[in-house]
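# What the coordinates show
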Amino acid sequence: MSKAERLIEMMITINAKKDFTVGELAKEFSVSKRTILRDLQELEQAGFPLYSEVGAAGGYHILKERILPPITFSENEAKAIFFACQALKFYHDLPFEQETISVLKKFLNCLPLDIQSSITQIQNSVVFWIPDRHCDSPLLKPMFHIVVNHHSATIQYSSTHSESIRTIIPIGLYAMNGLWYCPAYCTVANQIREFRIDRIKEIIEEKPYPKGKFPVPASIQEYLERLEIGNDYHIKIKLTDIGAKRCETEFLLARGLKTFPTGGGIIDMKIRHATLDWVANYFLSFGNNATVLEPPELVELIKQKIYELHQHYCR
């Protein structure tokens, strides 16, 4: 085994251990203790997070922030990583914003110059554009840790109409159109609600909660798969070609959209009661490009909103 191969194998071995001694590594790699000490010194100089302790219970240990061993990538795999990271580039906040920047810089510097140039061309040519919402989410990172640790949180939340104190049991986090959302079981409302991370003003308390006590989906994927599915209202909305194209970009409605070869389309789906007001507001701006056929409750709600808007401007 060459020295380079031994160092890579040693990094992999050390990462799998909580602690170790020089003698253990010397025996495992069939080299002298002096050789192992030189290897460990080179790893430390390269930034590998090791520290040593003397005494009977001494030895080497790895710091909590471990460095992962090297991984080889093909040219297309390297390009795929940078291409995927484009989806994060325009988010105002990320749970690991600085780490995302540093890892891409490290990764890019390790690639051959011709691949670096090719990746730069991709970054200049292809973008996952996300509009800047100008909404700061300073509590995104602590909420991220609450979610992954399966803890509950008591928060101060600023909704559209008021501010309140709520205890929530998060299902997970997801990002959409530049904003971060946390669907969670709300103990005040006794049901699952959506909380925008930028509207969480303070995390008052965080603590574990008994598993199985609250009716929450097992994962964020399961929640998103059944998002907005309900039997409260059956909506049918006829769309012009312009209306159909607008609805294609709204993922909550796109699953119920059917387009016609001749142009236009129709939305035919079921929604929950809580979604009706959002649907009314959404289609209010469509004008003649959308015609609500069902249910009558949605038609009346849109009429009411049009009347209120008319009264507002006719004062």
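Each chain has its residues counted from 1, following the order in which its sequence is written. Reporting in this predicted model follows two pLDDT cut-offs: at least 70 for local features of residues, and 80 or more for side-chain atom pairs to be given and counted; totals over whole chains, interfaces and linings ignore these cut-offs and use all residues. Based on all heavy atoms of the structure, the side-chain values leave hydrogens and waters out of the count.

This brings us to the sheet that holds strand E2 (residues 50-53). Two strands pair under a simple rule: DSSP has to find at least two bridges between them. Strands are runs of DSSP state E lasting at least two residues, helices are runs of H or I lasting at least four, and both sets are numbered from the N terminus onward. Across the sheet, 3 strands lie side by side as E1-E3-E2; this open sheet has antiparallel pairing. With partners counted over all chains shown, the strands left at the sheet margins are strand E1 (19-20) and E2, one partner each. Pairing geometry for E2 and strand E3 (residues 59-62), over 4 bridges, is antiparallel. The residue of E3 that forms the bridge with serine 52 is tyrosine 60.

Time to look at the domain arrangement of the protein. Domains are outlined according to an automatic or database domain assignment. Annotation of the protein at the domain level lists domain 1 (3-62), domain 2 (75-125), domain 3 (139-226) and domain 4 (229-314). The C-alpha centroid of domain 4 is placed 64 Å from the C-alpha centroid of domain 1.

So, on to the sheet that holds strand E12 (residues 265-271). Read across the open sheet, the 4 strands follow the order E11-E12-E10-E13; overall the sheet is antiparallel. Of all strands in the sheet, those bounded by a partner on one side alone are strand E11 (257-259) and strand E13 (290-294). Within the sheet, the average angular offset between the axes of one strand and its neighbour, ignoring direction, is 20°. When checking whether two residues touch, look at their non-hydrogen atoms; a contact exists if any pair is within 4.5 Å. Only the stretch in contact is used when a helix axis is fitted, and all axes are lines through C-alpha atoms; the angle between N-to-C directions ranges over 0 to 180 degrees. Running over the sheet, helix H11 (residues 276-284) touches strand E10 (233-239), E12 and E13 and is turned about 10° from E10. Sheet strands touched by helix H12 (residues 296-313): E10 and E13. Its angle to E13, the strand with the most contacts, is close to 140°.

Two measures define how a pair of helices packs: the angle their axes make with one another and the distance between the axes. Direction vectors running N to C along helix H1 (residues 3-15) and helix H3 (residues 33-45) enclose 75°, while the axes themselves pass 11 Å from each other. For the element pair H1 / H3, the angle class is roughly perpendicular. Taken together, the residues of H3 that come into contact with H1 (itself represented by Lys3, Arg6, Leu7, Met10, Met11 and Ile14) are Thr35, Ile36, Asp39, Leu40, Glu42 and Leu43. Residues were grouped as follows: Ala, Val, Leu, Ile, Met, Phe, Trp, Tyr, Cys and Pro as nonpolar; Asp, Glu, Lys and Arg as charged; and all remaining residues, including Gly, as polar. For the contact of H1 with H3, the class distribution of residues is 7 nonpolar, 1 polar and 4 charged. We call two directions roughly parallel when the angle between them is under 35 degrees, roughly antiparallel when it is over 145, roughly perpendicular when it lies between 65 and 115, and oblique otherwise.

Quick look at unusual backbone geometry now. The peptide bond linking glutamate 294 to proline 295 adopts the cis configuration, its omega dihedral lying at -5°. Take proline 295: it is sitting in the loop between E13 and H12. Within the chain, serine 30 stands out as a residue other than glycine whose phi angle is a positive 55°. Along the chain, serine 30 falls in the loop between helix H2 (22-29) and H3. For asparagine 190, which is not glycine, the phi torsion reads 55° and is therefore positive. Secondary-structure assignment places asparagine 190 in the loop between strand E7 (179-186) and strand E8 (191-196). Any residue under 20% of the maximum accessible area for its type is buried, any over 50% is exposed, and the rest in between are partly exposed; the area is computed with a 1.4 Å probe on protein chains only. Asparagine 190 gets classed as exposed once you look at its relative accessible area, which sits at 53%.

With that out of the way, let us pick up the nonpolar core. In this description, a nonpolar core means a group of buried Ala, Val, Leu, Ile, Met, Phe, Trp, Tyr and Cys residues linked to one another through side-chain atoms lying within 4.5 Å. Within the largest apolar cluster, 22 residues are counted, with the highest numbers of intra-cluster contacts made by Ile237, Leu239, Cys247, Ile267, Phe283 and Leu298. Secondary-structure elements contributing two or more residues to this core are E10, helix H9 (241-247), E12, H11, E13 and H12. No other element matches the 5 residues that H11 contributes to this core. Those residues in contact with phenylalanine 283 that lie beyond four places of it in its chain are Ile237, Leu239, Cys247, Leu253, Ile267 and Ala290. Formed by 19 residues, the second largest nonpolar core is a distinct cluster that contains Leu94, Leu140, Phe195 and Ile197.

Below, the discussion takes up the packing of aromatic side chains. Pairing of aromatic rings covers Phe, Tyr and Trp, the last counted by its six-membered ring, and requires centre-to-centre distances within 6.5 Å; plane angles under 30 degrees mean stacked, over 60 mean edge-to-face, and any other angle means tilted. Overall, the coordinates contain 9 aromatic pairs when judged by the stated rule. Between phenylalanine 20 and tyrosine 60 the ring centres are 5.7 Å apart and the planes differ by 10°, which places this aromatic pair in the stacked class. Taken as a pair, phenylalanine 20 in strand E1 and tyrosine 60 in strand E3 lie far apart in primary sequence, 40 residues in all. Each ring, one from tyrosine 209 and one from phenylalanine 214, has its centre 6.4 Å from the other, and the planes form 65°; the classification is edge-to-face. With relative accessibility at 17%, the residue tyrosine 209 sits in the buried group. Through successive ring pairs, a cluster of aromatic residues spans Trp278, Tyr282, Phe283 and Phe286.

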